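Listed below, chain by chain, are the residues.
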Amino acid sequence: MAQREGRSETLDSLVEKLRVRRRDVRGTLTLLHRQGMLDVLHMRLTLSGFAIGSALIGKTLPALRAAPRASTAAA
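Only a predicted model underlies this, so the values are computations on that prediction, with no experimental measurement involved.

A. Region of the structure containing the overall build of the protein chain. Within the protein chain, the regular secondary structure consists of three helices and two strands. Listed N to C, the secondary structure of the protein chain is α-α-β-β-α in terms of helices and strands. Taking all 75 residues of the protein chain together, 15% fall into the buried category. When the accessible surface of the protein chain is split by element, carbon and sulfur atoms take 59% of a total near 6700 Å².

B. Region of interest: the packing of helix 1 (residues 11-18) against helix 2 (residues 22-34). Where helix 1 contacts helix 2, the axes come no closer than 9 Å and their chain directions differ by 120 degrees. The orientation of helix 1 relative to helix 2 falls into the category oblique. Relative to helix 2, the crossing made by helix 1 is right-handed. Contact residues: helix 1 offers Leu11, Asp12, Leu14, Val15 and Leu18, while helix 2 offers Arg22, Val25, Arg26 and Leu29. Looking at the contact of helix 1 with helix 2 residue by residue, the classes come out as six nonpolar, no polar and three charged.

C. Layout of unusual backbone geometry. Phi is positive for Arg19, close to 55 degrees, though the residue is something other than glycine. You can see Arg19 is positioned in the loop between helix 1 and helix 2. The backbone of Met43 sits at a positive phi, close to 50 degrees, despite the residue not being glycine.

Rules used in this analysis
- Residues numbered from 1 in each chain as written.
- Predicted model: local features only at pLDDT ≥ 70, side-chain atom pairs only at ≥ 80, totals over all residues.
- Heavy atoms only, no water.
- Helix = DSSP H or I, 4+ residues; strand = E, 2+ residues; numbered from the N terminus.
- Buried < 20%, exposed > 50% of the residue type's maximum accessible area, 1.4 Å probe, protein only.
- Areas by Shrake-Rupley, 256 points an atom, 1.4 Å probe, with all protein chains shown as cover.
- Axes fitted to C-alpha atoms, helices over the stretch in contact; angles between N-to-C directions.
- Parallel < 35°, antiparallel > 145°, perpendicular 65-115°, else oblique.
- Left-handed = near helix turned anticlockwise from the far one by under 90°.
- Contact = heavy atoms within 4.5 Å.
- Nonpolar A, V, L, I, M, F, W, Y, C, P; charged D, E, K, R; others polar.

Rendered as structure tokens:
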């Protein structure tokens, strides 16, 4: 959304918005850069990254981690 509005996100702003560890955000950005979807030096999506992101707007993505199972004690 920021790119559409002409703004750039920073590592710190993403950490704050997503409320996740800085290390996790940095790792994800590195992976997206290696896959050619993000120019991490300019913090801008590439054309393919922009196309994929645009296609996913409004979609519900699957959870990254499975929900914890409730533990039951035997009687």
